[in-house]
Amino acid sequence: MLRRTTVALAGSATALALLATACGGGTDQGASPAGKTGKVTFWSFVKGSDEVAKAFNRSHPDIKVTFETVPSGQEYYSKLTNAVKAGTAPDVAVVEYPNLPEFAAQGKIEDLSGSLGSLVEDRFPEASRQLVNLGGRTWGVPRDAAPLMMMYRKDFFARHKIGVPTTWDAYRTMTEKVKKADPAARGGVLHTDNPGLLTALSWQAGGQWFSAGKDSWKATLDDGPSKKVAGYWGDLARKDLVRSLSTLDPFWTSVQKNQTVAYVCASWCAGALQATVPDQKGKWAVAPVPTWDGKPASGMYGGSSFVIPKGSDNSGAAAEFIKWITTDPEGMKAWVKSGTSSMFPADPELVPVTKEAFGTEYFGGQDVYAIGAQSYKAIPRGWTWGPVMGTTNTAIVDELPKVAEGKADLPTVLSDAEKTTVEHMRQRGMKVTAP
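Residues numbered from 1 in each chain as written. Predicted model: local features only at pLDDT ≥ 70, side-chain atom pairs only at ≥ 80, totals over all residues. Heavy atoms only, no water.

If you check which residues of helix α15 (residues 351-358) are buried, you get V351, V353, T354 and F358. One side of α15 carries all its buried residues, which in axial view fall inside an arc of 160°. If you follow the buried residues of α15, they end up packed against α12 (269-276), α14 (329-336), β16 (344-345) and α16 (368-377). (Buried < 20%, exposed > 50% of the residue type's maximum accessible area, 1.4 Å probe, protein only. Helix = DSSP H or I, 4+ residues; strand = E, 2+ residues; numbered from the N terminus. Arc of directions from axis to C-beta. Contact = heavy atoms within 4.5 Å.)

Here it is, written out as structure tokens:
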């Protein structure tokens, strides 16, 4: 689970013509780096990163990667920003998709068009390319996607004759039956320190929080689909049909105590569940996320890319390392072989490799990657990340505990977050048009 304001969301960074101007200039224009040997410093908070670095070093004797673990969340992005300013940045770093436009526009990362642009073009589908190709240039290489899924305790559902919901109406019924079957149990979670799920479900419903024109932005956090999602989840929380928890220890404690028996998450949650609650092996299953009309639809809740921060001492070797960890079959195996990661690769060709490396024992032989592939295909196009997502996320997170306590209305929280976002964008000199 991810902390507070970073939120590993994913989405299409289309219509970012404004970024082209913001990122304009520079002398290299994405020129290919020369050397592919030497030392590379690697910063990441993604699970399995240490094993990936070790595996790369074993197969690439001319490049020595030194891995340094970093905290997740805003603390990490502040650390990376300060390192770039001080000239002490690593050669390779992880940047989640929502944060990439801001890092590119502010000149904190290298233009990878010359070194890795063709790789991105050849290996990744359009939906993934649009995450990292901003303003006509390539700023990162996608590692994973994060399609939505529903995790549920199949033993609890079977024992109490509860059906697996395929619509949100049926999901509400499921939460009522769970609470009736066991007053201490709940069939869902409203995370009070992370707006990521709310964002992903708004995306699934057809919401579009941001759009960018030729010279202005538009913010519509409280559009019709998003308000419908917010109203639905706010009502579930108000009626105590889902558990209101932070995404860290309280959540996992509730899972361990059989108090959370179903929840909406993403592909990466399978590995987190397996690693955190190993004694519940065989009790969990994965299903497609419910939809409003019963037809397949999804969104992304997570996902990351790898970049070369500005000032890298060895961009040539760094590019070689990024290529290996995002597109090489052995690199994919290294990510998931420890069992702590169930990443869904952004490169579709590597899904079979990743699935084989992850294994199916924990989920009783179920192919969780098949569910992930279905979900990935059902993600609507057109989602755009805003240029100040830290501000947007914080504005929502600050109010979520009040929603859980019944002191705030979730649709209103979105409207207020939109006002705060627009104000901050204008303070930074951006033109924002009315919805």
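On we go.
Moving on, we get to the sheet that holds strand β8 (residues 148-153). Strand order across the open sheet formed by 3 strands is β13-β8-β14, with antiparallel pairing between neighbours. Only two strands of the sheet have a single partner each, and these edge strands are β13 (262-266) and β14 (284-287). If you compare each strand with its neighbour and ignore which way they point, the axes differ by 30° on average. Bridge count between β8 and β13: 5 bridges; the pairing is antiparallel. Opposite M150, over in β13, you have V264 as the bridge partner. Against the sheet, α16 touches β8 and β14, its axis set at about 145° to β8. (Pairing = 2+ DSSP bridges. Axes fitted to C-alpha atoms, helices over the stretch in contact; angles between N-to-C directions.)

Turning our eyes to something else, we now look at the state of the cysteines. Counting across every chain of the model gives 1 disulfide. Through a disulfide, C265 is tied to C269; the S-S separation comes to 1.6 Å. What sets the handedness of the C265 and C269 disulfide is the S-S torsion sign, and at about -55° it is left-handed. A relative accessible area of 1% places C265 in the buried class. On the basis of relative accessibility, which here comes to 1%, the residue C269 falls in the buried class. (Disulfide = S-S within 2.5 Å.)

Attention now moves to the sheet that holds strand β17 (residues 432-433). Judged by pairing direction, the sheet is mixed, and its 3 strands sit side by side in the order β10-β11-β17 without closing on themselves. Since the sheet does not close on itself, it has two edges, and those belong to β10 (210-212) and β17, each with one partner. Pairing of strand β11 (residues 217-219) with β17, which is carried by 2 bridges, proceeds in the parallel orientation. Across the sheet, K218 pairs through a bridge with T433, a residue of β17.

Moving on, we get to the confidence of the model for the protein chain. Per-residue pLDDT for the protein chain averages 88, and the proportion of residues at 70 or more is 91%. In this model, residues 1-18 is a region of pLDDT below 50 whose contacts with residues beyond four sequence positions or in other chains number 92 contacts. Below pLDDT 50 for its whole length, residues 20-29 participates in 11 contacts with residues either more than four positions away or in separate chains. (pLDDT = per-residue confidence, 0-100.)

This part is about unusual backbone geometry. Positive phi is not limited to glycine here, since K161 has a value of about 55°. Inspection of the secondary structure puts K161 in the loop between α7 (154-159) and α8 (168-181). Although it is not a glycine, D240 adopts a positive phi angle of roughly 60°. Counting through the fold element by element, D240 comes out in the loop between α10 (224-238) and β12 (243-245).

Before going further, it helps to examine helix α13 (residues 315-327). The terminal C-alpha atoms of α13 lie 18 Å apart, and with 13 residues this matches the ideal 18 Å at 1.5 Å per residue to within 8%. By the burial criterion, the buried members of α13 are G316, A317, A318, A319, F321, I322, W324, I325, T326 and T327. (Expected span 1.5 Å × (residues − 1).)

Quick look at the nonpolar core now. Counting 139 residues, the largest nonpolar core has M151, W233, L273 and F363 as the members making the most contacts within it. It is α13 that provides the largest number of residues to this core, a total of 7 residues. Ignoring any residue separated from it by four or fewer positions in sequence, one finds L273 in contact with M151, W252, V255, Y263, P278, W284, Y362 and F363. (Core = buried A, V, L, I, M, F, W, Y, C linked by side-chain atoms within 4.5 Å.)

With that settled, the discussion passes to empty space enclosed by the protein. All chains considered together, the criterion is met by 2 cavities of 30 Å³ or more. Forming the walls of the largest cavity are V189, L190, H191, N194, P195, L197, L198, L201, W233, L400 and L410. Looking at the lining of the largest cavity, the elements that each hand over two or more residues are β9 (189-191) and α9 (196-204). Tallied by class, residues from the lining of the largest cavity come to 9 nonpolar, 2 polar and no charged. There is about 30 Å³ of room inside the second largest cavity. Along the walls of the second largest cavity sit M149, S267, A270, S342, F344, V368 and Y369, which together make up its complete lining. Within the lining of the second largest cavity, the residues separate by chemical class into 5 nonpolar, 2 polar and no charged. (1 Å grid on protein atoms, 1.4 Å probe; cavity = no way out; pocket = protein on both sides within 12 Å on 5 of 7 lines; lining within 4 Å. Points joined across faces, edges and corners; volume = space filled by probe spheres on them. Nonpolar A, V, L, I, M, F, W, Y, C, P; charged D, E, K, R; others polar.)

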